[in-house]
Amino acid sequence: MTPQQAARRHKHLVVRDYLAELIATELEVGDAVPSERALTERFDVSRMTVRQALDALVAEGTLVREQGRGTFVAPRHADFEMRLTTFGEEARRRGLEPGAEVLEATTGPASPRVARGLDLDVGAPVHHVARLRTADDTPMSIESSWIPAHLAPGLLTDGVPDSLYAVLRALDLAPTWGEDTLQAADATPDEARLLGMTTQRAVMRTQRRSYAGQTAVMYTQSTFRGDRYSVFVPLREARPMLVPRPARTAPPVPEVLTPTPEGAS
Amino acid sequence: MSTSDQERAAAILAALGGVDNIVEIDPCTTRLRALVTDPAVVDAAALKAAGAYGVTSHGRVVQVVVGPEVDTIASALDDLM
């Protein structure tokens, strides 16, 4: 960028781009970024401009501010792919050591929502396991899973198994397809405490229905930390739309279209 | 394509009110999203009976969760339409 080009841009964006480049190329996680004073001198801008740049990088989770100590490079986001693997598998493939703390493990009647997710009647017995998932000992998500009790009667007999998927695979019920629904949300106070979130409150909630062929085997609700987690979604070209052949269609009826919301696919 | 795929596609099409009720069907990764002329004639119970894992409607758009067989069902639907 030439000085003329740079001058045309907002000054705080110049500082921000400089820091982002520095973080991407030279600094490691936990390193301190240059001081506010060094930045004001380097770019000949006000301290307010430097703070604006730093605030933006803190807000997006690239930097983390520690009271009285300074501003540091935040841990990288883990870019988990939305696919039918377990948290543990996804973490290991990224060089992270997965861990789990069991919060709840019970067998009881399915709520209407869980029943719908598992194609069961309301009240049918289901196993429920809630766990805090960690990667390299850092809390990453709270995961609540329900499995129809009749599919895996002894699931919780000897405590909570390390991997629910492993149990399903052993029962020849390995999930083969599913659907995830994602929403952005603010963490509840309990969630923020469990996840060790201090400054940021943004989380991503997901609901997953997992099927083994035609059988709904697991319904999972997860809450992921917004400051540690990125979602990676492979995309492909949409399939062609299916339309009735003209010869067989009735003449179009003039009608006002209602809005068609996007759903999960 | 197996007979069951064709039968399933035919049952789904019938439950959506038949070809005359279809404006278009958008095959997604696990769902068929149908824009229909008259949502009142769509039979959600019949869609479930035809093997749908879930049915959601909004206005004239009916989403039918069919799972990964969406490709073969879409091909069969194309033949029937």
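This is a predicted model, so every value here is computed, not measured. (Residues numbered from 1 in each chain as written. Chains lettered and ligands numbered in written order. Predicted model: local features only at pLDDT ≥ 70, side-chain atom pairs only at ≥ 80, totals over all residues. Heavy atoms only, no water.)

When its secondary structure is counted, chain A shows eight helices and ten strands. Expressed as a percentage of contacts within chain A between residues at least 6 apart in sequence, the contacts between residues at least 24 apart total 58%. Only carbon and sulfur atoms are counted for the fraction: they give 53% of the accessible area of chain A, which is about 15,300 Å². (Helix = DSSP H or I, 4+ residues; strand = E, 2+ residues; numbered from the N terminus. Contact = heavy atoms within 4.5 Å. Areas by Shrake-Rupley, 256 points an atom, 1.4 Å probe, with all protein chains shown as cover.)

A count of helical and extended segments in chain B gives three helices and four strands. From first element to last, N terminus to C terminus, chain B shows the α and β order α-β-β-α-β-β-α. Relative to the compact-globule value of 12 Å for 81 residues, chain B shows a C-alpha radius of gyration of 11 Å, a close match. Seen along its three principal axes, the alpha-carbon backbone of chain B occupies a region of about 30 × 20 × 20 Å. Out of the 81 residues belonging to chain B, those deemed buried represent 51%. Residue pairs at least 24 apart in sequence account for 59% of intrachain contacts in chain B once pairs closer than 6 positions are excluded. Just so you have it, chain B exposes about 3,100 Å², and 53% of that area is on carbon and sulfur atoms. Within chain B, one finds 5 positive and 11 negative side-chain charges whose respective centroids are separated by 11 Å. (Rg over C-alpha atoms; globule rule 2.2 N^0.38 Å. Buried < 20%, exposed > 50% of the residue type's maximum accessible area, 1.4 Å probe, protein only. Lys, Arg positive; Asp, Glu negative; His and termini not counted. Charge placed at Lys NZ, Arg CZ, Asp CG, Glu CD.)

Here helix α3 (residues 70-80) of chain B has its buried residues at Val70, Ile73, Ala74, Ala76 and Leu77 of chain B. Taken around the axis of α3 of chain B, the buried residues stretch over an arc of 165°, which confines them to a single face. (Arc of directions from axis to C-beta.)

With 27 residues of chain A at the contact, the number on the chain B side is 35 residues. In this assembly, chain A packs against chain B so that about 2,700 Å² is buried in total across both faces, 52% of it on carbon and sulfur atoms. For the pair chain A and chain B, the interface holds two salt bridges. In this structure, Arg239 of chain A and Asp71 of chain B form a salt bridge, with 2.5 Å as the shortest nitrogen-oxygen distance. Between the two partners, chain A and chain B, sit eight residue pairs in polar contact (both at pLDDT 80 or more). If you list the elements that add at least two residues to the side of chain A that touches chain B, you get β7 (177-186) and β8 (202-212) of chain A. At three residues, the largest contribution of residues to the side of chain A that touches chain B is made by β7 of chain A. (Buried area = accessible area lost by both parts, 1.4 Å probe. Salt bridge = Lys/Arg side-chain N within 4 Å of Asp/Glu carboxyl O. Polar contact = N/O pair within 3.5 Å; in protein donor to acceptor, adjacent residues only side chain to side chain.)

Entries for chain A in the domain assignment read domain 1 (3-73) and domain 2 (78-232). The gap between the C-alpha centroids of domain 1 of chain A and domain 2 of chain A is 37 Å. (Domains from an automatic or database assignment.)

The subject of this paragraph is the UniProt feature "domain: PTS EIIB type-1" (unreviewed entry) in chain B. On the UniProt side, "domain: PTS EIIB type-1" (unreviewed entry) is annotated at positions that read residues 6-81 of chain B here. The straight-line gap between the two end C-alpha atoms of residues 6-81 of chain B is 12 Å; of that span, 36% is helix and 29% is strand. (UniProt positions renumbered as here; feature names shortened; annotations may be inferred.)

All names here are of chain A. Pairing is antiparallel across the open sheet formed by six strands, whose spatial order is β4-β5-β6-β9-β8-β7. If you trace the sheet from one side to the other, it starts and ends with β4 (98-109) and β7, each paired once. When the angles between neighbouring strand axes are averaged without regard to direction, this sheet yields 15°. (Pairing = 2+ DSSP bridges. Axes fitted to C-alpha atoms, helices over the stretch in contact; angles between N-to-C directions.)

Here we take up the side chain of Asp5 of chain B. Residue and element names in this part refer to chain B. With respect to the helices and strands, the residue Asp5 is situated in helix α1 (residues 3-15). As a buried residue without a salt bridge, Asp5 has its nearest oppositely charged side chain in Arg8, at a separation of 5.1 Å. Those residues in contact with Asp5, other than ones at most four positions away along the chain, are Thr72 and Ala76.

Attention now moves to the packing of helix α2 (residues 11-25) of chain A against helix α3 (residues 36-43) of chain A. To describe two helices that pack against each other, one gives the angle between their axes and the distance between the axes. Residue and element names in this part refer to chain A. In contact at an axis separation of 11 Å, α2 and α3 are set at 115° when each is read in the N-to-C sense. As for the relative orientation of α2 and α3, their crossing is right-handed in sense. Two secondary-structure elements touch here, α2 through Val14, Val15, Tyr18 and Leu19 and α3 through Leu39, Arg42 and Phe43. Counted by class, the contact of α2 with α3 contains six nonpolar, no polar and one charged residues. (Left-handed = near helix turned anticlockwise from the far one by under 90°. Nonpolar A, V, L, I, M, F, W, Y, C, P; charged D, E, K, R; others polar.)

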